[in-house]
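Results of the structural survey
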Amino acid sequence: MHTPDQNAMQIDAVAMATPSESFYAALSEIGQLLMRSLEPPMLYEAVIEVLERRIGARLVMVGELQGGQWRRIAPARTAPGVADVYPERLPFALARPAFWRGEPQLESDVRQLEGLEALRPAYVRHGVRAVAAVPVLKFGEVCAALVIRAGDADFFSAPMIELLRQAAASIGLGLEACEQRARLLQSVRDEARQRRVLRLFSEMVKLVTHSADEPSLLAGACRVARGIGGYRTAWIGLCEEGDPAALRVRAQEGLADDVTGARFVPAEHAHAGDAVARALSTGEAQVGHAAGADRPEWAPGEGPSGMRTLLALPLRTGGAVVGCFVIGADEVDAFGAIEIRVFAEMAVELGLGIQMQNAQAARLAAERDLRFGLQYFRTILSRQHAGIVVMSEGRRVSFANEAFCTLFGLAETPAELEGLPAEAFYERLRQACADPEREWRRIQEILARDEPVEGDEVVMKDGRTFLRDFTPIRIDGVLQGRLWHQRDVTGQKMHEARVERLAFYDVVTGLPNRRLLFDLLEQARARATEQGALLAVGVLDLDRFKSVNDTIGHGGGDCVLAEASARILGMLREADVLARFGGDEFALVIAGLDSREQLDVISRCILQALRAPFNLMGEQLYLSASVGWTLFPLDASDAEGLVRHADLAMYAAKEEGKDRGSLYEPAMELEQLRLQAMRERIAQALQRSHLQLLFQPIVYIDGLPGLHGVAGMEALLRLGDTDELIEPAKFMHVLDDPQLARPIGRYVLDEALRCCQSWMRAGISIPVSINISTRHLLHPAFFIDIDAVLENYPGVMDVGFGIEVTETGPSMDHARAKVVIEECRRRGIRVGLDDFGTGSASLSHIQKLDIEHIKLDQSFVRDILDDERNMAIAAGVITTARMLAKTVIAEGVETAEQGDLLASLGCHQLQGFSISRPMPAEAVPAWVAGWVPPASWGSLVSERQSLLASQTDGA
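Residues numbered from 1 in each chain as written. Predicted model: local features only at pLDDT ≥ 70, side-chain atom pairs only at ≥ 80, totals over all residues. Heavy atoms only, no water.

1. Notes on the sheet that holds strand E5 (residues 130-138)
- On the basis of which strands lie adjacent, the open sheet formed by six strands has the order E3-E2-E1-E6-E5-E4 and antiparallel pairing. Looking at the sheet topology across the chains shown, the edges are occupied by strand E3 (89-91) and strand E4 (105-107). Within this sheet the neighbouring strands show an average axis-to-axis angle of 30°, counted without direction.
- Bridge count between E4 and E5: three bridges; the pairing is antiparallel. When the bridges of E5 are listed, Glu107 appears paired with Val131.
- Its contacts with the sheet put helix H3 (residues 40-55) on strand E1 (58-66), strand E2 (69-74) and strand E6 (141-150), and the angle it makes with E1 is roughly 155°.
- With respect to the sheet, helix H6 (residues 158-210) is in contact with E5 and E6, its orientation differing from that of E5 by roughly 30°. (Pairing = 2+ DSSP bridges. Helix = DSSP H or I, 4+ residues; strand = E, 2+ residues; numbered from the N terminus. Axes fitted to C-alpha atoms, helices over the stretch in contact; angles between N-to-C directions. Contact = heavy atoms within 4.5 Å.)

Right under this line is the structure:
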């Protein structure tokens, strides 16, 4: 059996014995192959087949230079069993310098050649020992290698090497012929493309010259680009006003019909957007490629499939980029240098065409506007409500409208007035005026100055008032005529008089308003200073006037205000001033006083006049008033200061019990400053968490020791911004402040319920009650605050909590208070009335409200042992409350004796220092656990139980 080396030697021997006729035959066939103009890969394959068949060459391959390596081109496919000896790539380093000069390279023992270690097993298996590599030259440069393997170097005899050189040379000639054919074809294509773009350019110039308007120009450009150029799509977008980064599609070919008019934002389109954006920003033509995308977005809407490239051409008018001409093509190389250059010129022509069309459109619009303006001018002047006359420089009427004839009551028509001499015309004007001579002098003065006059007022014989404008008509500085413009402003004058009255007088009472008051007060101050007399300034407010509006409505309230102002005026002199500030508040200015006693008499008379009943709608209403006074120059303040001081005195009169007068004292302003300072102090304390709550127990009189004898805890607010806690009595006015009432109320709600929930966690389940200001109670968001705090502390409702409002709260807005209290009770929130007996609430009023308990004010409890009247009031309140099924809580119980007496009167619950002083929240659980009622209460409880039992038996 023969080894692979023996087989190779036999084959090589056969090859060596090949006659020269075979060499010539091989060269002849290779020459015939060149005549067929095969492409390089096919040529390589055919040459290999000839060499193997004619001269017995083995394992022949052709490799080309690519990327720093030899890459095998042929055979493209290898026979079974020999694939391992046909490497795909080999390094350049295997080629010696002579090879690059065109000399064949022979390796007699490739099994030992460095760089081919990976092929060594294959060479052994196939019996390959020698390799010849013949360079293939194209235009004098090595571009490929013809490689033949053999079992022995003797195979590559000199004739064989020469044959292989001739074969490689033939391959090189074939490659050169193929390259020349490609260049020729490209030249032909370039020439065709050049002819096409030049034709496009010619057609574009025609379009620019002959298009009727801009839309037809843009549509024609797209049609020419697609029809003559053969491109896939063409569209034109113009920049939008105010957004140069966005285009509005004005014309297109090759896209969907609904694309025209669409908005195209380059930043939103991955492919076309980049090229278009660069064209718009740089002002130069830009080419974009698909980068391998199947359906890139080349245009607004969904771009057509198959397009691979586009050309974006910026359009300019007047040096500024105004849009973009975008052409899309299927070929990647559709836009070469020649197309780009010609298309750029086309874009220039198209921009000029757009500019020409815009200029033509502007000119036509200007001509149309001029014609319309002239006609419009005459039409407007003819139909004006104001009278208009144009006098020519020749001193004759050249135009008059119907309104002028109507204003002056002329018998002539406008057409009959035209041509009338100026003297006759002016005579008609002046005869219609209230003062003809004065009017004639005025006309002569206006004509002599020949300058514009506006708003010249003319009074007519019939009482009407005209406003006249006079305008010289000059064109290029030359006087061409004069225009008279006259309008009837009689109605306007009357309206202005009414407006002026509304601006200075109150609508309801007809009295001067605040604005006029200060003007009159300043004048009165000046006169008082000159005369050395006293000037009284007062502020009067009707007491409880809100109840009038609630009872008889605002219309009835206005009637009461009008009658009240009439009564006050009846007490004043003609020189005195009464003004209405608004609402039920009035201001008074009384001059020429000699003394304070004189003012007291006037003040009492005014108050007495207002005490008389007001008869309205068949009912009698009784009112009173509170008035505050200050005297100038004893009070040397300015007008605003005097009114402010009188206002302070008025509030002092209300504090003293209403239905009286009070004179301003400097201490009142100090008190006002103190109150304002306290308001700011409370506001800061709220922000800095310096407010805190103490808790005072409420106990059952007949209760038990410890938890079950405690009815609840009342949360008491304290100001703690110093070492000493400050009680609410010193900042009570702040609790109802419009800006602070709700924030304070929300703080108290949150803190009280938090403490209540902490007691529950400690095993002490007792309800807590909270004082709510009137303003917070009636606030529209009151229940929003309630719901928010209950959501944070849901367990509190298991033991319950209550709110307490003062007597004055429900009386401020009874209807609203009733709704709020009923909603609280529906939600399970207890509602009580605090400080009962100190306000104006009646028992019938309370009976209508769903109130659970009444707190007897401590002013009645404090002296209950010594003052029979207080005891009688307490007994009456307790008895009446029991009849109304209301619980009574007595507050301010400071001694055990007071508690015993209240218990004997039938009071239900007690609260006060004799039971406990207010304590911090953390002290509550221990106090409740240790609560022991006084021993005296036990006998009272037994007596009451015996009494109840006997009453039951009697029944």
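On we go from here.
2. Focus: helix H30 (residues 896-904)
- Along H30, the residues classified as buried are Gln898, Gly899, Leu901, Leu902 and Ala903.
- Residue Gly906 follows H30 closely and has a positive phi angle near 95°. (Buried < 20%, exposed > 50% of the residue type's maximum accessible area, 1.4 Å probe, protein only.)

3. Observations concerning the environment of Ala334
- Summarising the element assignment, Ala334 is placed in the loop between strand E12 (320-329) and helix H9 (337-383).
- Note: C-alpha distance between Ala334 and Arg193 (141 residues apart in sequence) is 9.2 Å.
- Apart from the residues within four sequence positions on either side, Ala334 is in contact with Arg193, Tyr231, Thr309, Ala329 and Glu339.

4. With respect to the nonpolar core
- The biggest cluster of nonpolar side chains holds 79 residues, and the ones touching the most others in it are Phe695, Leu753, Trp759 and Phe801.
- Counting residues per element, this core draws most heavily on helix H21 (residues 741-761), at eight residues.
- Of all hydrophobic cores here, the second largest spans 37 residues; its members include Phe23, Val60, Ile73 and Ile171. (Core = buried A, V, L, I, M, F, W, Y, C linked by side-chain atoms within 4.5 Å.)

5. Details of the pairing of strand E10 (residues 286-289)
- The alternating pattern of E10 places Gln286 and Gly288 on a buried face, while none of Val287 and His289, on the opposite face, is buried.
- Bridge count for E10 against strand E11 (residues 309-317) is four bridges, and the pairing is antiparallel. Within E11, the residue paired with Gly288 across the bridge is Leu310.

6. Here's the deal with the packing of H3 against H6
- One way to put it is that H3 packs onto H6 with a least axis distance of 10 Å and a crossing angle of 160°. Between H3 and H6, the angle is such that the two are roughly antiparallel. You can see that H3 and H6 cross each other, and the crossing is right-handed. Along the contact surface, H3 presents Pro40, Leu43, Tyr44, Val47, Leu51 and Ile55, while H6 presents Met160, Leu163, Leu164, Ala167, Ile171, Gly174, Leu175 and Cys178.
- In terms of residue class, the contact of H3 with H6 is built from 13 nonpolar, one polar and no charged. (Parallel < 35°, antiparallel > 145°, perpendicular 65-115°, else oblique. Left-handed = near helix turned anticlockwise from the far one by under 90°. Nonpolar A, V, L, I, M, F, W, Y, C, P; charged D, E, K, R; others polar.)

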